[in-house]
Amino acid sequence: MTTADAPHPHDAAAPHPEGATHPLALAPVTPPPATVDGFVAEFLRTLNFDCGVALSASTANDRYVALAHTVRDYLMGRWLEDLRQQKETQAKSVCYLSAEYLLGRQLDNNLLASGLTEIAAEALAACGLSLDELREHEIEPGLGNGGLGRLAACFIDSLATLGVPSIGYGIRYEYGIFRQTFEDGQQVEQPDAWLTLGSPWEFPHPERAQLVSFGGRTETYDDGGVTRTRWVPAWNVSAIPCNYMVPGFENGRVNTLRLWRAKATDAFDLRIFNSGDYEEAVRAQTFAENISKVLYPEDSTPQGKELRLQQQYFFVAASIHDFLDTMLAEGYDLAKLGDRVIFQLNDTHPVIAVPELMRVLVDERGMDWDAAWAVTRRCFAYTCHTLLPEALEVWSVDLLGRLLPRHLEIIYRINEEFLAAVRARFGDDELRIRNMSIIAEFPERAVRMAYLATVAGSKVNGVAELHSQLLREKVLPDFDAFYPGKFTNVTNGVTPRRFLRLANPALSSLITEAIGEGWVTDLERLRELEPFADDAGFRASFAEVKAANKRRLNDVLHARDGMRVGDGHLVDVMVKRLHEYKRQLLKVLHVVSEYEGVISGRIPLEQLQPRTVVFGAKAAPGYAMAKRIIHLINAVGSTVNADTRLDGRLQVLFPPNYNVTLAESVIPAADLSEQISLAGKEASGTGNMKFALNGALTIGTDDGANVEIRELVGDENFFLFGMAEPEVEALSARGYRPSEFYQADAGLRRAIDLIASGSFSAGDRSVFEPIVSNLLYEDRFMVLADYASYMAAQDRVDAAYRDGDRWIRSAILNVARCGFFSSDRSIHDYIDRIWHTPPMI
Ligand SMILES: *Cc1c(COP(=O)(O)O)cnc(C)c1O
């Protein structure tokens, strides 16, 4: 075929090309049978034909790539079929819009989903290779910061497993979340060059690019007596779709994750740099391609950077156009778009999609404003992920107007009409109007993206019961009054495939032996484990699984960082992003207090419950206090670990670069899960769920989903401490003075004084002075107010752990009672409360 004959990109997907006569041309080619011999043949074929090497000459990367391609081949037929079905059936689809997907490694997950794990292991062994070694070769795609991005990854897994017609849209960052190393205990960020060797899971389609425009101006024109507006942009970039398979668990379905990569266009070079200057042209190219270059490493405190807004618009514009172009039948009536799609906004990052859809409908498709607004309001739903005011994203009108002038006009009109409706309902209550306006006036004129999402969304949900309640009562009360029924809750969940079945094979086998296989896709069935808590034999097996997982963690940490988990230690884990509201400092104060108690002779060494405290946390590179806290944890760790007076009974490990892969080793080994945020600050948490499902007991505040965990597992199987949210409010209202708590508690004073004295900084008192003075004079997250209660709860932990049998019983009950926290259940809730999509299976 000559280039002149090249089909239109969309025609290329036609299932039966005109004139095909060979029987093989009529359907997707199927791989060899799913047997060891079939797998060996396909593996060697991909190694030879895709990688272009013989087995004897292959590198570890060649073998990993060939293995990945083999797994892909087995999934391909279903993927092509699912893509075809979604287009043809025209069933209502979920478009999950998320700027982040913290995917974790793909190989194991895709082997598991396709039921090929054992066959692959045997096939590789027959080739003299080891699956265990090859899986270590994969660099995880870290295209997210923390909980929000991991939630998106769990959700696409559940959508595929439940067979919901859906697609995930996001950004194919060239550099994901930075790789963290420590130098002298301080965080150093290294670029995450995860694509250096390419990704064998990625299917780029440059020929299906979408054009995304920026800048310029708007103009009005006469369209047969109707005045219309059009956007005259200044520059474009090309958005290249890169597809990833999202296989459902053993159900033969394969969904799509479509991540966009920015590429310069010729038009781009010509419009701004038409000087013919080669260097300028190359520079222009770099400028365009910067858009998908790097993930912003801020977790919950966004910086209002121009490039970030470019990223947001880039991926949502490409996604909306992609959906309209490729998923809608020819001549589809756009007035019915709400029957065909729901765009779920994962936080405010994709909210610029709202004015983009309005622009497409009104300016490009000629729909009148009111009709377009009616359609748009049905097509969006918004998930809020925070309660921290500083985390609510705003974009200055100045920047937005420069980058997306037409969108700003549309936002103004949405706001005008919205505020008119508010006046009509509540009268000219200027304070209320100002509070509800999508446009903030101070400290600068800016668009409040959460408000825009709330006005446009058919539903707004929080991510845990408490969070949804506080969202309605504290963050958006005027909106709740104005839009009765708009607010709802969907408590987060985690995928049992990755976080139980894959991460904890030993516990998975034990569960399956006890209650059969079904729990992997019906996690409430873990309830059937409850009676086994009273079975001494089962308890012994459960304890052995936990011990084995600790040995496995020990091996991982030893190989990775030269660290060791203490023999027979309680494994006490706090892994999550470093943020003051999460209160890693409270955990540090506990460690320092125990340490101080022993070295001062106040705590007899034999009374100290042997513990290994494991931290994992990245700090945003610009978040100075968070980085200081990392430094303090490392400093306390090296002092404590080296002090022979403790005889190794207290160990602090801080393996760098906490990511999904490390989570999969750490969580199954944990005895104690630290979920100690200030009440009212953690929207949900999902780490808390992963731990409980892996048989760790939680020490936690009444915050986020901890509340629901405690309700389910029972008070006697949960270590609750600290103020509840109303008490936090009351203390704030009275005026919180942390120094009063310092003065009143001798133990707290000794711990803080030890830090202040320079004991952990070679006598240099200045190093941690900013932490100490912040605690004493500001302490925004009330660490000192909750210290005494936390220490008392830790004493209860020690006592409970000493009664080994009782502890194991509680741990089993945690597993048995936390099936609710499957992301499959979350997706069912989204379907029932928000999406109303038909189930496909
Ligand atoms: C689950 C997870 C998180 C979220 O943890 P929280 O404790 O809910 O903040 C962050 N990072 C990784 C790698 C995770 O797997």
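No experiment lies behind these values; they were computed from the predicted model shown. Note on numbering: residues in each chain are counted from 1, in written sequence order. In view of the model being predicted, local features appear only for residues whose pLDDT reaches at least 70, and side-chain atom pairs are presented and counted only at 80 or more, with totals across whole chains, interfaces and linings using the full set of residues. For the side-chain quantities, the full set of heavy atoms in the structure was used; hydrogens and water were omitted.

Here we take up the overall build of the protein. Within the protein one finds 33 helices and 25 strands. Taken over C-alpha atoms, the radius of gyration is set against a globule rule of 2.2 Å times the number of residues to the power 0.38. The C-alpha radius of gyration computed for the protein amounts to 28 Å, which stays within 12% of the reference 28 Å derived for 841 residues, consistent with globular compactness. C-alpha atoms of the protein, sized along the principal axes, occupy 90 × 75 × 55 Å. Per-residue burial over the protein gives 59% buried out of 841 residues. At a minimum sequence separation of 6, the contacts of the protein that also span at least 24 residues come to 77%. Positive residues here are Lys and Arg, negative ones are Asp and Glu, while His and the chain termini are left out of the count. A charge is said to be at NZ when it belongs to Lys, at CZ for Arg, at CG for Asp and at CD for Glu. Taken as two groups, the 84 positive and 114 negative side-chain charges of the protein have centres that lie 2 Å from each other. What counts as a helix is a DSSP run of H or I of at least four residues, what counts as a strand is a run of E of at least two, and both are numbered from the N terminus. Exposure is judged per residue with a 1.4 Å probe applied to protein chains only, and the accessible area is read against the type maximum: over 50% gives exposed, under 20% gives buried, and values in between give partly exposed. Working rule for contacts: check all heavy atoms of both residues, and any pair within 4.5 Å makes them a contact.

Our focus in this paragraph is empty space enclosed by the protein. Lining residues are those with an atom within 4 Å of a point, where the points come from a 1 Å grid over the protein atoms alone and group into cavities, where a 1.4 Å probe fits but cannot get out, or pockets, open sets with protein on both sides within 12 Å along at least five of seven lines. Grid points are joined across faces, edges and corners, and a volume is the space filled by probe spheres set on the points. The final tally for this structure, using the stated rule, is nine cavities of 30 Å³ or more. Estimates place the volume of the largest cavity at around 820 Å³. Together, 48 residues line the largest cavity, and G146, G147, L148, D299 and K582 are the ones closest to its centre. Elements supplying a minimum of two residues to the lining of the largest cavity: α6 (147–162), α24 (660–666) and α25 (687–693). The element contributing the most residues to the lining of the largest cavity is α6, with four residues. In this classification, the charged set is Asp, Glu, Lys and Arg, the nonpolar set is Ala, Val, Leu, Ile, Met, Phe, Trp, Tyr, Cys and Pro, and all remaining amino acids, among them Gly, are polar. Taken together, the residues of the lining of the largest cavity break down into 18 nonpolar, 17 polar and 13 charged. Here the limits of each domain have been adopted from an automatic or database domain assignment. When residues of the lining of the largest cavity are sorted by domain, at least three fall in each of domain 2 (90–105 + 140–486) and domain 3 (496–516 + 527–828). Here the second largest cavity defines a volume of roughly 150 Å³. What lines the second largest cavity is a set of 15 residues, and nearest its centre among them are L103, Q106, N109, A153 and V246. Elements that contribute at least two residues to the lining of the second largest cavity include exactly α3 (107–113), α6 and β11 (235–247). Here the lining of the second largest cavity is built from residues that sort into eight nonpolar, four polar and three charged.

A molecule or strand has a residue near it when one of that residue's heavy atoms lies within 4 Å. Taken together, the neighbourhood of the ligand is formed by G146, G147, V575, K576, K582, Y658, N659, V660, G685, T686, G687 and K690. Taking T686, its main chain carries an N or O atom lying 2.8 Å from an oxygen atom of the ligand. One of the side-chain nitrogen or oxygen atoms of K690 is found 2.6 Å away from an oxygen atom of the ligand. We get accessible surface area from the Shrake-Rupley algorithm with a probe of 1.4 Å; when it comes to residues, only the shown protein chains can shield them. Protein contacts shield 95% of the accessible area of the ligand, which totals 390 Å² for the unbound molecule. Counting atoms within 2 Å of the grid points, the majority share of the ligand lands in the largest cavity. Class assignment of the residues belonging to the shell around the ligand gives a composition of three nonpolar, six polar and three charged. Polar contact is defined as a pair of N or O atoms within 3.5 Å, subject to the rule that within protein one atom must be able to donate a hydrogen and the other to accept it, and that residues adjacent in sequence are counted only when both atoms are side-chain atoms. Here the criterion for a molecule occupying a pocket or cavity is that more than half of its atoms lie within 2 Å of the pocket grid points.

Turning next to the pairing of strand β13 (residues 341–346). With six of its six residues buried, β13 lies for the most part within the structure. Where strand β1 (residues 93–97) and β13 come together, five bridges link them in parallel fashion. Among the inter-strand pairings, Y96 is bridged to a residue of β13, identified as Q344. A pair of strands counts as paired when DSSP detects no fewer than two bridges linking them. Examined bridge by bridge, β13 and strand β14 (residues 380–383) share four bridges and lie parallel to one another. Its bridge partner being in β14, L345 is matched across the sheet by Y382.

It is worth spelling out the environment of A420 at this point. As for its position among the elements, A420 is in helix α14 (residues 405–426). With 13 residues separating them along the chain, A420 and I433 place their C-alpha atoms 9.3 Å apart.

A pair of packed helices can be characterised by two numbers: the angle between their axes and the separation between those axes. Simply put, an axis is a line fit to the C-alpha atoms, just over the touching stretch for a helix, and the angle between two N-to-C directions goes from 0 to 180 degrees. Where helix α22 (residues 584–599) meets helix α31 (residues 783–802), the axes come as close as 10 Å, and the angle between the chain directions of the two elements is 60°. Here α31 runs oblique to α22, going by the angle between their axes. For the crossing formed where α22 meets α31, the hand is right-handed. Along its contact with α22, which presents L585, L586, K587, L589, H590, S593 and E594, the element α31 presents V783, L784, Y787, Y790, M791, Q794 and D798. The cut-offs work like this: below 35 degrees is roughly parallel, past 145 is roughly antiparallel, 65 to 115 is roughly perpendicular, and the gaps in between are oblique. Should the near helix be turned counterclockwise from the far one by less than a right angle, the crossing is left-handed, whereas a clockwise turn marks it as right-handed.

Here we take up the domain arrangement of the protein. One frequent convention defines the size of an interface as the accessible area lost when the parts assemble. Each domain of the protein was delimited in the assignment, giving domain 1 (1–89 + 113–138), domain 2 (90–105 + 140–486) and domain 3 (496–516 + 527–828). Domain 1 and domain 3 are separated by 43 Å when their C-alpha centres are compared.

Each neighbour pair has its own omega, and for F442 with P443 the value is -5°, a cis peptide bond. Here P443 shows up in the loop between β16 (439–440) and β17 (446–448). With phi around 70°, D347 is a residue other than glycine that occupies positive phi space. Looking at the secondary structure, you find D347 in the loop between β13 and α11 (353–364). What makes D347 buried here is its relative accessible area of 9%.

Before going further, it helps to spend a moment on the pattern of salt bridges. Salt bridge, as applied in this entry: a Lys or Arg side-chain nitrogen positioned within 4 Å of an Asp or Glu carboxyl oxygen. Evaluated as defined, the whole model comprises 60 salt bridges. With a closest N to O distance of 3.3 Å, E174 and K293 form a salt bridge. With a gap of 119 residues between them, E174 in the loop between β4 (166–171) and β5 (179–183) and K293 in the loop between α8 (278–289) and α9 (306–327) connect regions that are remote in the sequence. Residue E174 is classed as partly exposed on the basis of its relative accessible area of 25%.

To estimate how far a helix should reach, multiply one less than its number of residues by 1.5 Å. With 19 residues, helix α23 (residues 624–642) ought to run about 27 Å at 1.5 Å a step, and its terminal C-alpha atoms sit 27 Å apart, in line with that. Buried residues of α23: M625, A626, I629, I630, H631, L632, I633, N634, A635, V636, G637 and V640, and no others.

If you trace the backbone, E42 turns up in helix α1 (residues 36–49). Its relative accessible area of 6% is what places E42 among the buried residues. Not counting residues within four places of it along the chain, the set of residues in contact with E42 comprises P32, T70, D73 and Y74.

Bringing the sheet that holds strand β23 (residues 672–675) into the picture now. Spatially, β22-β21-β20-β23-β24-β25 is the arrangement adopted by the six strands of the open sheet, whose pairing is parallel. Since the sheet does not close on itself, it has two edges, and those belong to β22 (650–653) and β25 (719–720), each with one partner. Alignment of strand β21 (residues 611–616) against β22, held across four bridges, turns out to be parallel. By the bridge assignment, V613 is partnered in β22 with V652.

Turning to the nonpolar core, a few remarks are in order. Looking at soluble globular proteins, one finds that nonpolar side chains tend to be buried together. F39, F214, F314, F323 and L337 are the most contacted members of the largest nonpolar core, which has 146 residues in total. With eleven residues, α9 is the largest single contributor of residues to this core. Two domains share this core, each providing at least three of its residues, namely domain 1 (1–89 + 113–138) and domain 2 (90–105 + 140–486). Those residues in contact with L337, other than ones at most four positions away along the chain, are F323, L324, L328, Y332, L357, V375 and C379. Definition used in this section: a nonpolar core is a set of buried Ala, Val, Leu, Ile, Met, Phe, Trp, Tyr and Cys residues joined via side-chain atoms within 4.5 Å. W519, L646, F719 and M791 belong to the second-largest nonpolar core, a separate cluster that totals 108 residues.

Strand order in the open sheet formed by three strands is β15-β17-β16, with antiparallel pairing between adjacent strands. The open sheet has two edge strands, β15 (394–396) and β16, and neither has a second partner. Relative to β17, β16 is paired through two bridges, and the arrangement is antiparallel. Residue pairing across strands places A440 opposite A446, the latter belonging to β17.

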